[in-house]
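The lines below spell out each chain.
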Amino acid sequence: MKVNRRHFLAAGLAAATAAVVRPAAASTGDAASAEHVVLATLLDISKCIACGACVEACRETNGHKYPQPQKPFPKMYPSKVKAADWSDKQDVDDRLTPYNWLYIQTATGEYNGEPFELHIPRRCLHCQNPPCANLCPWGAASKDNKGIVSINDEICLGGAKCKDVCPWHIPERQTGVGLYLKLAPGFAGNGVMYKCDRCRDRVALGETPACIEVCPEGVQTIGPRDKILAQARELAKRTGGFIYGDTENGGTNTFYVSPVPFDVLNQAIEKGPGKPHLASVGNPFAKEELLARAVYAAPLVGVMAGVLHLVRGATSEDDHE
Amino acid sequence: MNSLTLVFRLTVFALAFTGFAQMPIFARYYLADVPGFGWTADYYFNHVAHYILAIVLLAILGWRLPRVLRRPAWTAMDVIVGLCWAGIVLTGIIRVMKNQPESYFSPTLVMWIDWLHLGFVMLLGVASLLRSRVRTGAVKS
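As the structure is a prediction and not an experimental result, all values here were calculated from the model.

Q: Give me the overall build of chain A: which residues, what numbers.
A: If you tally the helices and strands in chain A, you get 10 helices and 10 strands. Counting across all 321 residues of chain A, residues that qualify as buried make up 51%. Taking the contacts inside chain A whose residues are at least 6 apart along the sequence as the reference set, 68% of them involve residues at least 24 apart. With the model as given, the accessible surface of chain A reaches about 15,000 Å², and the carbon-plus-sulfur share is 55%.

Q: Give a detailed account of the interface of chain A and chain B, specifying residues and quantitative values.
A: Put simply, an interface is often sized by how much accessible area is lost when its parts join up. With 54 residues of chain A at the interface, the matching set in chain B holds 42 residues. When chain A packs against chain B, close to 4,500 Å² is buried across both sides, 67% of that on carbon and sulfur atoms. At the boundary of chain A with chain B, the tally comes to one salt bridge. Where chain A meets chain B, there are 19 residue pairs in polar contact (both at pLDDT 80 or more). Broken down by element, the side of chain A that touches chain B gets its largest block of residues, 17 residues, from helix α10 (residues 286-320) of chain A. Here the residues of the side of chain A that touches chain B sort into 30 nonpolar, 15 polar and nine charged.

Q: Let's hear about the sheet that holds strand β1 (residues 39-44) of chain A: which residues, and what values?
A: Residues and elements named next belong to chain A. Across the sheet, which stays open at both edges, the four strands sit in the order β8-β1-β10-β9 with mixed pairing between neighbours. Each end of this open sheet is capped by a strand with a single partner; those strands are β8 (220-224) and β9 (242-244). Looking at each pair of strands side by side, their axes are set apart by 25° on average, direction ignored. Where β1 meets strand β10 (residues 254-258), four bridges bridge the pair, whose relative direction is parallel. Each bridged residue has a counterpart across the sheet, and for Thr41 the counterpart in β10 is Thr254.

Q: Account for the state of the cysteines, naming residues and giving values.
A: Residues and elements named next belong to chain A. One pass over the structure, following the stated rule, counts zero disulfides over all chains. Here Cys54 stays unpaired: no disulfide links it, and the sulfur of Cys48, its closest cysteine neighbor, is 6.1 Å away. Judged by relative accessible area, Cys54 falls into the buried class, the value being 9%. With no disulfide partner, Cys58 has as its closest neighbouring cysteine sulfur the one in Cys199, 6.2 Å distant. Judged by relative accessible area, which is 9%, Cys58 ranks as buried.

Cut-offs and rules
Residues numbered from 1 in each chain as written. Chains lettered and ligands numbered in written order. Predicted model: local features only at pLDDT ≥ 70, side-chain atom pairs only at ≥ 80, totals over all residues. Heavy atoms only, no water. Helix = DSSP H or I, 4+ residues; strand = E, 2+ residues; numbered from the N terminus. Buried < 20%, exposed > 50% of the residue type's maximum accessible area, 1.4 Å probe, protein only. Contact = heavy atoms within 4.5 Å. Areas by Shrake-Rupley, 256 points an atom, 1.4 Å probe, with all protein chains shown as cover. Buried area = accessible area lost by both parts, 1.4 Å probe. Salt bridge = Lys/Arg side-chain N within 4 Å of Asp/Glu carboxyl O. Polar contact = N/O pair within 3.5 Å; in protein donor to acceptor, adjacent residues only side chain to side chain. Nonpolar A, V, L, I, M, F, W, Y, C, P; charged D, E, K, R; others polar. Pairing = 2+ DSSP bridges. Axes fitted to C-alpha atoms, helices over the stretch in contact; angles between N-to-C directions. Disulfide = S-S within 2.5 Å.

Right under this line is the structure:
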C-alpha cells in the first residue's frame, strides 16, 4: 500500500514537472510559429511633413469601429466618477481621443547649434509585453500573434486601468457605450477604452495598415520585427540618428528613428492628456519576469517537501514497527 | 490553529485583496483616499505583491497536496473546493505564463482565463463558506 502511494505521488510530481517546464514553448511550437510572425513598424520621422494623410486615412478606415454612445449617460456612483464624452468633439485631431487614434506632434528647437522642426506621428506603440494587456483584469486588452495590442470593445468595461498603466497613457475612454451598460452601469465600469489597433482587420487580410499605405513620404515601414529592428538600427547608424521604442517599456513593435535625440524631442513637444511623451521608459515587468520562475517552481518545491515529509514520517513509523 | 494554517489564511486573504486591487475599484470607492491606503490603487505594486503571495500559496498548497490525496473519504463539498483550488492555480499559472514577454496566447483564451480565475475565486469563497457550515452543522448534530 505504501509503495503504491509513493509511486502514485512520484508519477504525479513528474507529470506536474513536465507540465510547467518551459511554459513559453507552449506558444512557440512549429505549428504555431508559422502564424507567429510579430510585425513591427519603423517611422523615419525625418521624412514626415505633417500633411495629415495618415490621420485622415486612420479615421476613414477605422471609423466603423468608433463609439456610438447612448445618451443620456447613466448616473455614476460615486459622483466623483465623471463621464468621458468625445462624441461631440469627433473632429479633434491634435491629440488622441476615442475618435482619433493617431495624431502628429511637432517638435521645434535647437540641437548642436542647428534649428530643427520634426513631425512625429503618435499612436499606440504595440508593446511586446503590454502593461494594458498584462494587467487588464477582465481580459479585454490583449496581444495577438502579429504583435498587435488591441482592446475588445464588446467586453471592455472602461475602467481605464489600461490607460493608467500604459507609460504613454494612450487608450482613451468614451462613456455611454459597451458592456457596462448591461451590467451595473452606475457602479462598475464607465464605457469603453479606444486606441490604435494597427488596422488589425486589414493586417489579418494581409493588407497594410491605412496610415502606412497612404503616406506620400514613406515615413512608415512594416515587416517582421527582427528585420524592421535591423533596418531601424542601420538607418540610425547611417544617419547618426537615434532610436525610440526598441527598449522602451521592455521593447515595443514601433521604432522611431530621429536625427535629434529623444530627450531633446521630449522637451520640445507639447505633452499632456492625449499627448504622449517621448521620455525613456524602463521595463515595468522586470520584477514579475524574475518572480515568474518562482511561481512555476513553488508548487513543485512544496509537493516535493510534502512528499519527503510523508515518506520520512512513514519510514520512522516503519522503524517504530 | 497551527502556524502554517495561520500563514495560509493570511496569504489567501492578502491574495484576494491584491487580486481585487487589480480592478479599478479601490480608487473609485475611496479606499485609496484613506491615509496610508494609497497603495491599494497602485496596480504595479499590487501585481508584484500578488505574485509573491502566490508563490507562498503555491508552496503551501503543494506541501498539503500529498496529505490531501491520502484523505480516505471525500465529501461533495471537498471535491468542489478542491476543484476550485485546482482551477485558481491553473488559471493563475497560465496568467503568469501569458505575462512573459515572449509568450503568446490567443485573445479569446486570455479572456476566458481571466474570467475563470475570477470565477473560481468567487466560487471558492461560496463553497468554502458552505463547507464550513456543513461541518459546523455536523459537529452540532
